[in-house]
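# Observations on the model geometry
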Amino acid sequence: MIFKPGRLVLHRDTHHGRIAFAHPGRVVSDDERGLLLWVARGSAIAVETTLDGRYPRDLPFVEWMTAERAPRSERWRGPGVLRLFPPGANHSVWFFRDDRGDFTNWYVNLEEAGVRWDDGEVAGIDVIDQDLDIVAAADRTWRWKDEDDFAERLAAPEHYWVPDEAAVWAEGRRVIAAIEAGAFPFDGTWTDFRPDPAWPTPTELPAGWDRPVVARR
């Protein structure tokens, strides 16, 4: 399943069949290097919160998982961001930028490899975030991120969706080796990217954005 450049597709994070977030991204390219999406500042998004508006980090993990939750409409407030989903890889790479649009750092999101879907009028990629992340600066110095969140969630296996802690750490170490070597995509590719000015910023999510999840857990 290949998505044509310029098409708007949904990047959805999913847990136990629920949609944690849905972000519309414009396809920059989709080839042997992976699916590259552009999420513009101000894009309409959906984020799952508790009914009183709290987010996952606002309360302990078990309390979050047992709370009543629902999607909430919001906007992507940060600068626009590129997101690369390498084929078959258990991670994505986000290219963060500043307010001027200049590259600042890579953000590696460890996650189960995405599952694509295409309903014709709306399409997307569903992933399962594994919470542990890596932040890499432009000089390729790096650090782990969210180790405490990962540990807290692993301690509640009846609620968590990560079956193999060691596999997540191993994937992270593989990515770190690529960062240190300056291997693609940490070789400067796309760090000077500028979006097509003709691309409109999506002001609402397309009908069908909340179609049933196709990711595995």
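Residues numbered from 1 in each chain as written. Predicted model: local features only at pLDDT ≥ 70, side-chain atom pairs only at ≥ 80, totals over all residues. Heavy atoms only, no water.

### Observations regarding the UniProt feature "domain: DUF402" (unreviewed entry) in the protein
For clarity, the threshold we go by: UniProt positions are given in the numbering used here, feature names are shortened, and annotations may be inferred rather than shown by experiment. Put simply, DSSP H or I for four residues or longer makes a helix, DSSP E for two residues or longer makes a strand, and each gets a number counted from the N terminus.
Sequence positions flagged by UniProt for "domain: DUF402" (unreviewed entry) are, in local numbering, residues 48-183. With 23% helix and 42% strand, the stretch residues 48-183 has end C-alpha atoms that lie 35 Å from each other.

### Focus on the packing of aromatic side chains
The test is simple: Pairs were defined over the aromatic rings of Phe, Tyr and Trp, the Trp ring being its six-membered one, requiring ring centres within 6.5 Å. Orientation was assigned from the angle between planes: stacked under 30 degrees, edge-to-face over 60, tilted for the rest. For the exposure calls, accessible area comes from a 1.4 Å probe over protein chains only, and a residue counts as buried if that area is under 20% of its type's maximum, exposed if over 50%, partly exposed in between. In this scheme, Lys NZ or Arg CZ marks a charge over a ring once it lies within 6 Å of the ring centre and within 35 degrees of the ring normal.
A full pass over the atoms with the stated rule returns 16 aromatic pairs. Summarising the aromatic geometry, the rings of Trp 144 and Trp 169 are spaced 4.8 Å apart at their centres and angled 70° between planes, so their arrangement reads as edge-to-face. In this pair, Trp 144 sits in strand S10 (residues 142-145) while Trp 169 sits in helix H3 (residues 165-181), placing the two residues 25 residues apart along the sequence. Given the relative accessible area of 19%, Trp 144 is considered buried. For Trp 169, a relative accessible area of 22% puts it in the partly exposed group. Arranged with centres 4.9 Å apart and planes meeting at 55°, the rings of Tyr 160 and Trp 161 form a pair that is tilted. Classification of Tyr 160 by relative accessible area gives buried; the value is 6%. In this structure Trp 161 comes out as buried when scored by relative accessible area, which is 3%. Among the aromatic residues, those joined into a ring-pair cluster are Phe 61, Trp 142, Trp 144, Phe 150, Tyr 160, Trp 161 and Trp 169. The aromatic ring of Trp 76 is capped on one face by Arg 83, whose charged end is 5.0 Å from the ring centroid. Geometry around Trp 94 places Arg 83 over its ring, the cationic atom sitting 3.8 Å from the centre.

### With respect to the side chain of Asp 131
Rules: In protein, a polar contact means a hydrogen-donor-capable atom and an acceptor-capable atom, both N or O and within 3.5 Å, with residues adjacent in sequence counting only if both atoms are side-chain atoms; elsewhere, any N or O pair within 3.5 Å suffices. Contact definition: two residues touch when any of their heavy atoms are within 4.5 Å.
Relative to the elements of secondary structure, Asp 131 occurs in strand S9 (residues 123-137). A polar atom in the side chain of Asp 131 sits 2.8 Å from the side chain of Arg 153. When near neighbours in sequence (up to four residues on either side) are disregarded, Asp 131 contacts Leu 110, Lys 145, Asp 146, Phe 150, Arg 153, Tyr 160 and Trp 161.

### So, the environment of Tyr 55
With respect to the secondary-structure elements, Tyr 55 resides in the loop between strand S4 (44-50) and helix H1 (61-66). Each C-alpha atom of the pair Tyr 55 and Asp 126 lies 20 Å from the other, and the pair is 71 residues apart in sequence. The contacts of Tyr 55, once residues within four sequence positions are left out, are Val 47, Thr 49, Trp 64, Arg 72 and Glu 74. Among the polar contacts made by the side chain of Tyr 55, one reaches the side chain of Glu 74 at a distance of 2.2 Å.

### Here we look at the pattern of salt bridges
Note the threshold: Salt bridges are defined by distance alone: a side-chain nitrogen of Lys or Arg within 4 Å of a carboxyl oxygen of Asp or Glu.
Summed over all chains, the structure comprises 20 salt bridges. For the salt bridge of Glu 171 with Arg 174, the shortest nitrogen-to-oxygen distance reads 2.7 Å. A residue pair is termed a helical-turn pair when its members lie 3 or 4 positions apart in one helix, as Glu 171 and Arg 174 do in helix H3 at three residues. In this structure Arg 174 comes out as exposed when scored by relative accessible area, which is 52%. Each member of the salt-bridge network shares a partner with another, and the members are Arg 57, Lys 145, Asp 146 and Asp 149.

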